[in-house]
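The primary structure of each chain is shown beneath.
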Amino acid sequence: MKTPERTRRDGDLELNLTSMIDVIFLLLIFFVFTSDFKEPEKRMPTNLSLPGAIARDRVEPQERRDLDKVVARVFLAPGGRAIYSVNGERVANLAALESTLEALRELDPNVPVVIAPERDVPLESALDVYDVSRRVGLGRVQFAASAEALAR
């Protein structure tokens, strides 16, 4: 009896592994060239001190630490002239107020300025402080309100 020959089927699948190996090597080369072998943790700023590291204390200037907000007060002198103070220090006039606010803006340009006029100060004097603050480049300018005004 004759054994049947194996006939080739039309749907046989041949895998060409050479092309797939080429693609794998290309991907491997791509990932090798684009990867970064440095440890990312060493490049990130941190306050942790590692064994053997020298401890360095960062000291910010006193002006920077105390600069949460700038309080500009406006008082009225007995002669009717406006008197200005910035964070408790009196300034002579609007030009001195402008130079003081400009120096504070150089320390922190985003510091909020709170204008706190006294009760008898004309609105014009408080708006002068507002104008000076905006002119030097301080964008966060607010007016303080008294507790009595808020209660009404």
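Refer to the structure presented above.
K.L.:
How should the overall build of the protein chain be read in this particular structure?
P.N.:
A count of helices and strands for the protein chain gives 6 helices and 5 strands. Tracing the protein chain from N to C terminus, the helices and strands come up as α-α-α-β-β-β-α-β-α-β-α. Looking at the protein chain as a whole, 20% of its 152 residues are labelled buried. Taking the intrachain contacts of the protein chain between residues at least 6 apart in sequence as the baseline, contacts between residues at least 24 apart amount to 61%. Within the structure as shown, the protein chain displays about 13,100 Å² of accessible surface, and the carbon and sulfur contribution to it stands at 55%.

K.L.:
So what exactly am I meant to see when it comes to the packing of helix α4 (residues 94-107) against helix α5 (residues 123-136) here?
P.N.:
Helix-helix packing is characterised by the crossing angle of the two axes and by the distance between the axes. Packing of α4 against α5 brings their axes to within 9 Å, and their N-to-C directions diverge by 40°. On the basis of their axis angle, the class for α4 and α5 is oblique. Considering only the axes of α4 and α5, their crossing is right-handed. Every residue of α5 that contacts α4 at Leu94, Leu97, Glu98, Leu101, Glu102 and Arg105 is listed here: Asp128, Val129, Val132, Ser133, Arg135 and Val136. Partitioned by chemical class, the residues of the contact of α4 with α5 number 6 nonpolar, 1 polar and 5 charged.

K.L.:
Got a minute to help me understand the packing of aromatic side chains in this structure?
P.N.:
When we look at a pair of aromatic rings, we describe it by the centre distance and by the angle of the planes. Overall, the coordinates contain 2 aromatic pairs when judged by the stated rule. Ring geometry for Phe30 versus Phe31: centroids 5.3 Å apart, planes at 70°, classification edge-to-face. Residue classification places Phe31 among the exposed positions, given a relative accessible area of 51%. Ring geometry for Tyr130 and Phe143: centres 6.0 Å apart, planes at 25°, overall stacked.

K.L.:
Help me understand the pairing of strand β2 (residues 82-86) in this model?
P.N.:
Here is the key point about a regular strand: its side chains alternate between the two faces of the sheet. Burial runs high along β2: 5 of the 5 residues are buried. Residue alternation in β2 divides its side chains into two sets, Ala82, Tyr84 and Val86 and Ile83 and Ser85, and both sets are buried. Alignment of strand β1 (residues 70-76) against β2, held across 5 bridges, turns out to be antiparallel. Each residue of the ladder has a partner; that of Phe75, found in β2, is Ile83. Bridge count between β2 and strand β3 (residues 89-91): 3 bridges; the pairing is antiparallel. In the sheet register, Val86 faces β3, and the bridge partner there is Glu89. In this structure, the hairpin formed by β2 and β3 is closed by a connection of 2 residues, where Asn87 is found at a positive phi of approximately 50°.

K.L.:
Help me understand the pairing of β1 in this model?
P.N.:
Sheet topology places β1 next to strand β4 (residues 113-117); 5 bridges connect them, and they run parallel. Following the sheet pairing, Val70 is matched in β4 by Val113. Between β1 and the antiparallel strand that follows it, β2, lie 5 residues; Gly80 among them carries a positive phi value of about 95°.

K.L.:
Explain the pattern of salt bridges to me, please; I cannot follow it from the model alone.
P.N.:
A full pass over the atoms with the stated rule returns 1 salt bridge. One salt bridge in this structure joins Arg135 and Glu98, with 3.6 Å as the shortest N-O distance. Here Glu98 lies in helix α4 and Arg135 lies in helix α5, a separation of 37 residues in the sequence. Assessed through its relative accessible area of 55%, Arg135 is described here as exposed.

Each value, and the rule that gives it
Residues numbered from 1 in each chain as written. Predicted model: local features only at pLDDT ≥ 70, side-chain atom pairs only at ≥ 80, totals over all residues. Heavy atoms only, no water. Helix = DSSP H or I, 4+ residues; strand = E, 2+ residues; numbered from the N terminus. Buried < 20%, exposed > 50% of the residue type's maximum accessible area, 1.4 Å probe, protein only. Contact = heavy atoms within 4.5 Å. Areas by Shrake-Rupley, 256 points an atom, 1.4 Å probe, with all protein chains shown as cover. Axes fitted to C-alpha atoms, helices over the stretch in contact; angles between N-to-C directions. Parallel < 35°, antiparallel > 145°, perpendicular 65-115°, else oblique. Left-handed = near helix turned anticlockwise from the far one by under 90°. Nonpolar A, V, L, I, M, F, W, Y, C, P; charged D, E, K, R; others polar. Phe/Tyr/Trp six-rings, centres within 6.5 Å; stacked < 30°, edge-to-face > 60°. Pairing = 2+ DSSP bridges. Salt bridge = Lys/Arg side-chain N within 4 Å of Asp/Glu carboxyl O.

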